[in-house]
Structures are given as C-alpha cells and as structure tokens.
Amino acid sequence: MFVNTFHYAMSRRFGKKMYRLSLDCGFTCPNRDGSKGVGGCAFCSSAGAGNFAGKGVDLDQRLQQAQEKIAAKAGHACGYIAYFQSHTNTYAPLPVLENLFTEAIDNEKIEALSIATRPDCLPPEVLDLLESLNRRKPVWVELGLQTANDHTAKKLNRCYPTSEYDRAVSDLHARGLEVITHLILGLPGETLADMEKSVRHAVSLGSEGMKLHLLHILRHTELEKMYLAGLYRPLEREEYIDLVCRLLPLIPRETVIHRMTGDGDKKELIAPLWSADKKKVLNALNKELERRDIVQGCAYDT
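Attention here is on the structure that accompanies the text. (Residues numbered from 1 in each chain as written. Predicted model: local features only at pLDDT ≥ 70, side-chain atom pairs only at ≥ 80, totals over all residues. Heavy atoms only, no water.)

Here we come to the packing of helix α2 (residues 59–74) against helix α3 (residues 94–106). Put simply, α2 and α3 touch, their axes get as near as 10 Å, and they point 40° apart. The pairing of α2 with α3 is recorded here as oblique in orientation. Read as a crossing pair, α2 and α3 show a hand that is right-handed. Contacts from L59, D60 and L63 in α2 reach L100, E103 and A104 in α3. Within the contact of α2 with α3, the residues separate by chemical class into 4 nonpolar, no polar and 2 charged. (Axes fitted to C-alpha atoms, helices over the stretch in contact; angles between N-to-C directions. Helix = DSSP H or I, 4+ residues; strand = E, 2+ residues; numbered from the N terminus. Parallel < 35°, antiparallel > 145°, perpendicular 65-115°, else oblique. Left-handed = near helix turned anticlockwise from the far one by under 90°. Contact = heavy atoms within 4.5 Å. Nonpolar A, V, L, I, M, F, W, Y, C, P; charged D, E, K, R; others polar.)

Set out below in structure tokens:
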C-alpha cells in the first residue's frame, strides 16, 4: 500500500510535520450574495466549509492561538500553514486580500499559505498578487471543483461551468502556483463512472493536490431538504471506502492526497452519522487499502 498523503508529502518537503491553521476572514461567495446565485451550493452550510475555522479576533491573534493549541498537543517541532478556508477567499477587493494575505505570510511561524476559492473568482489582479506572494513562501490555491460533470453541477447550484475550472488551473500554473482540487464523492445521481471522470479531469490538468470528500448532509441546506424528502440516500461507510479504493489508483503517485475523507461539524451533521468518527473511518479505509494492496497511481497509465 502506498498513498502520497498530506503528512507524508509535507514531511518530505518541509522536513517536519505541518499543520493547517484554519481561518474564517468573513468572506462571502458570489453564489450567496446574488452576484451569481443565492443560497450557495446545495451541500454548503452557512459557514461555507469553515465550521472549524478560527474567527472573531485579529489575524495574528488567531494564528497565535491556533499555533499554541497545536504545539501543546504535538509535543515536537512542527510547521504551520495559514489556511484561508471559509467561503470564497479571493472574493473581496484587492486591498483587503493583499492586507490579509501579507499579514499571514509575514508571520515568521507561517511557512505556506493555502487559499480556498472558486475558479471564477481569480481575476488577473488577484493572480498577480498570489504570484508575488508565492515568490516569498509557497502559496497553494484550493479550487472547489466537486465534480467535472456539468449536469450534476447544475443540480447542485454550483453556478459555474467546468470550463471555468480549466481556465483557472491554466492561469494559476502559468504563474507558478500549485493547485489543490476538491472533489466530492457520492453527489446525487452520480455513478462510479462520473466520479472517475472527475478524477481523470483534475489529473489531466495537472492538479498538484487533491482532497476527496464524503458528501455530508448538513442542517439548513438544500441537500437536507432532498434527504428529508427521500430524494437522496447518503453513502454507507463500505460504499465510500470502496470508492476511494477504486479512485486512488487513477491518481498519479506525485499528486498529494490532502484528504481522503471529511468530517462535518457534529452539531450540523444530519447524515451519514457514521462519518462523525473520522479516526474510525480512516482506520477502516487504510485497512482496506492494505487488504487490496492498493498503490496510488497503479492504474494511472491505463
């Protein structure tokens, strides 16, 4: 069994264990403020994937508090990545972005930035800013593709075509920036073939990293309404594990797997409840990968 996990790749790159410090900087999304849509994607909560992100005090204080909390648990030398996680983190006036990102990169304990955003929120001036920051410390841009199938994306109210993702990846790579692609497994109506298509698409464009997510049903989302109306059945644990085992062989060995599952906020999670025990899920997944002798990328050439 071999998987190029986040911890493995970061240890090789930085020489120590790296931790993400999740941040909520009060951004919104063009799919919420009416610019492109309202209500967000069908699966997205009002926190915009930032349920665990630090907020409420200034950036330096949040970074310091998160560092102290992790250092107390880690008990060994480690490094930190400032992770701008909640909502669309390039959807704001340029001076706002420049101030926030520069403050984070100026922090002596921060060794890289990871910025989550939408592919349709990367205008030239923002790309220029990210390119400039990347000359100082590594800057990774996380793109929420979720699926390469536009018929699924339309049902989910994603509000941008896959061609926008393609353009964004090309623009980011042209400026020397690394891309981490988010994919969700188990979206309504999607088959294994659909999910394979999404993985192959991200691979074909050279995404340096991937996050594989289980679809969670969270409170106060359109997906919750579908679930309660009997229009969607969430994946069982064994189904999800089987999907990951089938998809990892399609991903080249050099691609960093930043995540193999996700854990929704337990206060907001409706289903599947088995996903709340992330450690148990990952243990079962690793056991099955070992049982099947899965090597990441073993089917990539085929």
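Mapped onto the secondary structure, T90 falls in the loop between β2 (78–84) and α3. A polar side-chain atom of T90 sits 2.6 Å from a polar atom in the side chain of T117. The contacts of T90, once residues within four sequence positions are left out, are L97, I115, T117, C121, L122 and V126. (Polar contact = N/O pair within 3.5 Å; in protein donor to acceptor, adjacent residues only side chain to side chain.)

Counting residues in each nonpolar core, the largest one holds 65 residues, and the members touching the most others are F84, F101, L113, L122, L130, L143 and L248. The residues contacting L248, other than those within four sequence positions of it, are V3, I257, M260, L289, I294, Q296 and G297. (Core = buried A, V, L, I, M, F, W, Y, C linked by side-chain atoms within 4.5 Å. Buried < 20%, exposed > 50% of the residue type's maximum accessible area, 1.4 Å probe, protein only.)

Cis geometry marks the peptide bond from A271 to P272; its omega dihedral reads -10°. One can find P272 in the loop between β9 (269–271) and α10 (278–291). Within the chain, C159 stands out as a residue other than glycine whose phi angle is a positive 70°. The residue C159 is located in the loop between α5 (150–155) and α6 (162–174) in this model. Among the residues examined, C159 registers a relative accessible area of 26% and is labelled partly exposed.

This next bit is on the pattern of salt bridges. Applying the stated criterion across every chain, the model contains 20 salt bridges. K267 is paired through a salt bridge with D265; the nearest N and O atoms lie 3.4 Å apart. For K267, a relative accessible area of 62% translates into the label exposed. Members of the salt-bridge network, linked through shared partners, are D242, R246, E288, R291 and R292. (Salt bridge = Lys/Arg side-chain N within 4 Å of Asp/Glu carboxyl O.)

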